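Here is how the chains run, residue by residue.
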Amino acid sequence: MYDLLETIQHTYSQSESEILTRAFYFAKEAHANQKRASGEDYFTHPCAVAEILIDLGMDASTVAAAFLHDTIEDTPVSEGDIRKEFGDEILLLVKGVTKLDKIEFKSQEEEQAENFKKIFVSMAKDIRVIIIKLADRLHNMRSLNFLSHERQQRMSKETLDIFAPLAGRLGISQIKCELEDLCLKYIDPEAYEYLAANINEKLAERRKFVDFVVKEIQEILDESGINGEVFGRAKHFYSIYKKMKNQGKSLEQIYDLIAVRAIVDDIDQCYELLGKIHKKWKPIPGRIKDYIAMPKPNMYQSLHTTVVTDFGQTFEIQIRTKEMHRMAEFGIAAHWKYKENKTVEDSFDTRLSWIREVMEWQGGVKDSKEFLESLKGDVYSSEVLVFTPKGEVKSLVKDATPIDFAYSVHTEVGNRCVGAKVNGKMVPLNTTLQVGDVVDILTSKTSKGPSWDWLKIVKSAGAKNKIRQFFRREMHEENIKLGKSMLEQEARNKGYNFSELINPVSMERIQNKLSFSTPEEMYMAVGGGIVTVNQVLVKLIDLARKETPRKEVTPKVITHHNSTGDVIVKGMEGLLVRFAGCCNPVPGDRIIGFVSRGRGVTIHRADCPNMRAEDRERIIEAQWSGKIGTDYIVSVEIHAEEEAPILSVVTGICAQLGLFITSINGRIDTKLRRAVLNMTVKLNTAADLDAFIKKVSSEKTVIDVFRTVT
């Protein structure tokens, strides 16, 4: 531990060394008498974390925070003590990596999710938080053998799911590779031991081959007058293990166990060397990757190619500049290690852009577990690089669609998307994008927004959350209430109690099938007509039958009176009921109810032409209550002889019956040689319409009289 103080004095300025020395002794005293599971003094852990960060070239504040990172959580030291001794900057870093130990969680999974959400919030403020956290996790994984088997498994899975990919996304490959190998050691110890034994067994043979390749490439450099360095690098165990699992290959079938790396002075030399290597050895199609022209999201740059020697041996070559090599090894930490370099400074904001994207869409995710799953599925997925029509590179998750692309451009572009062109041709919105595709999104200002079905198409968590946010904004309490009522009614019709069908297991199944994250989303989708009642209910009943055999129940229909007192809508309670303007139903007409999106139930005449093409599942039974609680307006058309004084006749009948004319329009039909009168009349009772039509029909000059649909 005390050797570390000497390293600090040689690495940092005098003022920085003084702060770090104070942090060293402050933490040593705070952790006095505490022991690790290994039996060592606990203080060895913060020292090891600080040493990892010093090797990465991190600044003094970060290293000081590493010494102090467990003091608030595990010792009597308070936030005020750290602020007083070391200031707000170091306190912010320490708080960023402190676990949420003072909050009561419902489950360990929830605690983990909340922790990661806090880490990302802290990352948005200061990226150094996650670099400390990565160093902390690396040392914990190095000493994992002292913990129980259960904790080894849990920490290894968590590290493999979250921390290792995060290190990769930040470009810190040396931490990523070591974390992955340590995880493999505990998750699949047999595979780890097998790889260790077999790879080491043939190590001498492979080194001989690598020495041959290095010598050949060095000769190419010398002949071309290119100043460069060539060396071999054994691939880490986990990358080999993953290739064996994904491709179903044995170790003997994997030839590129060792990669050869060439480091040159500039980009032109990278491409020149690539061409000359391809001239000497045949490249394997599909294995040439240009990350210089199209950097990875973590700003990694390099040329990759896999070639075959004259005697059939396959190996991979990576070609990059010295600057690219520094960035590949240290990633975002290079901002501090090589901060005098302008290129590193310029790329820093670009490296942080994906974190800002995560924070943008996580703002609409209230559930921490949903946030964690989104994080795993989006931030850490393999990327597909595609182009905008202007040539800008967009990095999307594997198997992304044009909808994912649209939302990556802007939320409004996604919401207004109505079509897509890929490489100049119209394609369906569920098309899987390939590397190098040029994607052009077609939008419309009149678009009503995304479809709920898009949730089953899109692959990125960001796009999914933006679609959900749209529906959350658009959703109304009435839609939720309506959807739930419809489901309850149909469940009763089928002899089930809806509340018994809904439980955590059934909701999880519905979520997997229809992409709902909460019951409210499901009710909103049903009430808004986005999905049908049967789409949801059939799945719930099917699961209930499998889980619990039920007794036969006689289906019941419970009738509730609507608040207007005019109509009875079967199975519906407390919903808005309105009358359709297209057919103007009045008492005595046969009527039906139509479940409208966001507008409750609309009452139509049963013979209304507008109902013929509508979804039958959204049509429900309705009838008149026999009570008249409101005025009804009907449209009537009257045909009379051409010279007849029909206007005065009709107005006289209305006056006689006490009816109020709301509109009237007369014309002469020259083809039929008759007068045509269109009018709307407000009725007082159910019998008024029949009385009006009977009196008008009795006039000698009247040819026909009938109701019309407006």
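Definitions and limits used
Residues numbered from 1 in each chain as written. Predicted model: local features only at pLDDT ≥ 70, side-chain atom pairs only at ≥ 80, totals over all residues. Heavy atoms only, no water. Helix = DSSP H or I, 4+ residues; strand = E, 2+ residues; numbered from the N terminus. Buried < 20%, exposed > 50% of the residue type's maximum accessible area, 1.4 Å probe, protein only. Polar contact = N/O pair within 3.5 Å; in protein donor to acceptor, adjacent residues only side chain to side chain. Contact = heavy atoms within 4.5 Å. Axes fitted to C-alpha atoms, helices over the stretch in contact; angles between N-to-C directions. Parallel < 35°, antiparallel > 145°, perpendicular 65-115°, else oblique. Left-handed = near helix turned anticlockwise from the far one by under 90°. Nonpolar A, V, L, I, M, F, W, Y, C, P; charged D, E, K, R; others polar. Pairing = 2+ DSSP bridges. Lys, Arg positive; Asp, Glu negative; His and termini not counted. Salt bridge = Lys/Arg side-chain N within 4 Å of Asp/Glu carboxyl O. Core = buried A, V, L, I, M, F, W, Y, C linked by side-chain atoms within 4.5 Å.

## Describing the side chain of T305
And step 1. On the secondary structure map, T305 appears in strand β5 (residues 303–308).
And step 2. Overall, T305 belongs to the buried group, its relative accessible area being 0%.
And step 3. A distance of 2.8 Å separates polar atoms of two side chains, one belonging to T305 and the other to H278.
And step 4. Look past the residues within four positions of T305 in its chain and what remains in contact with it is L274, H278, P283, R287, I288, F315, E316 and I317.

## Re unusual backbone geometry
And step 1. Within the chain, D399 stands out as a residue other than glycine whose phi angle is a positive 65 degrees.
And step 2. Turning to its location among the elements, D399 is positioned in the loop between β8 (393–397) and α20 (402–409).
And step 3. Of the residues examined, D399 reaches a relative accessible area of 36% and is grouped as partly exposed.
And step 4. With phi around 55 degrees, N423 is a residue other than glycine that occupies positive phi space.
And step 5. The residue N423 is located in the loop between β9 (417–422) and β10 (425–427) in this model.
And step 6. With a relative accessible area of 47%, N423 lands in the partly exposed category.

## Focus on the packing of helix α3 (residues 44–56) against helix α4 (residues 60–68)
And step 1. At a closest axis distance of 7 Å, the pairing of α3 and α4 adopts a crossing angle of 160 degrees. If you check the angle between α3 and α4, you find them roughly antiparallel. You can see that α3 and α4 cross each other, and the crossing is right-handed. Contact residues: α3 offers P46, C47, V49, A50, L53 and I54, while α4 offers T62, V63, A66 and F67.
And step 2. Across the contact of α3 with α4, the residue classes tally to 9 nonpolar, 1 polar and no charged.

## Some thoughts on the sheet that holds strand β21 (residues 702–708)
And step 1. If you walk across this open sheet you meet the 4 strands as β19-β20-β18-β21, and the pairing is antiparallel. Bordering the open sheet on either side are β19 (660–669) and β21, each of which pairs with just one other strand. The average undirected angle you get between the axes of adjacent strands in this sheet is 20 degrees.
And step 2. With 9 bridges connecting them, β19 and strand β20 (residues 674–683) associate as antiparallel partners. When the sheet's bridge partners are listed, G666 is paired in β20 with L677.
And step 3. Strand contacts of helix α28 (residues 646–657): β18 (632–641), β19, β20 and β21, with the helix running at about 20 degrees to β20, the strand carrying the most contacts.
And step 4. Along the sheet, helix α29 (residues 688–697) makes contact with β18, β20 and β21, crossing β21 at roughly 160 degrees.

## Describing the side chain of D70
And step 1. Mapped onto the fold, D70 is located in the loop between α4 and α5 (71–74).
And step 2. We note that D70 is buried and unpaired, the nearest opposite charge coming from K133 at a distance of 6.9 Å.
And step 3. A distance of 3.2 Å separates a polar atom in the side chain of D70 from a polar atom in the side chain of H69.

## Considerations on the nonpolar core
And step 1. Counting 81 residues, the largest nonpolar core has V536 and I638 as its most contacted members.
And step 2. The contacts of V536, once residues within four sequence positions are left out, are L487, I510, L514, F516, M522, V526 and V531.
And step 3. Of all hydrophobic cores here, the second largest spans 58 residues; its members include F43, V129, C183 and Y186.

## Remarks on the packing of helix α7 (residues 88–97) against helix α9 (residues 128–142)
And step 1. Put simply, α7 and α9 touch, their axes get as near as 9 Å, and they point 55 degrees apart. Here α9 runs oblique to α7, going by the angle between their axes. Two packed elements cross with a definite hand, and for α7 against α9 that hand is right-handed. For the pair α7 and α9, contact is made by E89, L93, G96 and V97 and by R128, V129, I132 and K133, respectively.
And step 2. Partitioning the contact of α7 with α9 into residue classes produces 4 nonpolar, 1 polar and 3 charged.

## Remarks on the pairing of β18
And step 1. The buried fraction of β18 amounts to 8 of the 10 residues, a majority that puts the element mostly inside the structure.
And step 2. In this sheet, β20 lies alongside β18 in antiparallel orientation, the contact comprising 10 bridges. Bridge pairing in β20 places V634 opposite V681.
And step 3. Note: β18 against β21, 6 bridges, orientation antiparallel. Within the sheet, the bridge partner assigned to V636 lies in β21 and is R707.

## Examining the pairing of β20
And step 1. Burial within β20 is extensive, with 8 of its 10 residues counted as buried.
And step 2. Counting the residues between successive antiparallel strands, the hairpin from β19 to β20 contains 4 residues, one of them, R673, with a positive phi of roughly 55 degrees.

## Thoughts on the pattern of salt bridges
When charged atoms on two side chains of opposite charge get close, those side chains can pair.
And step 1. Inspection of every chain in the model, using the stated rule, returns 16 salt bridges.
And step 2. Among the salt bridges present, the one from D88 reaches R83, with a minimum N-O distance of 2.8 Å.
And step 3. Residue classification places R83 among the partly exposed positions, given a relative accessible area of 41%.
And step 4. Members of the salt-bridge network, linked through shared partners, are D59, E89 and R128.

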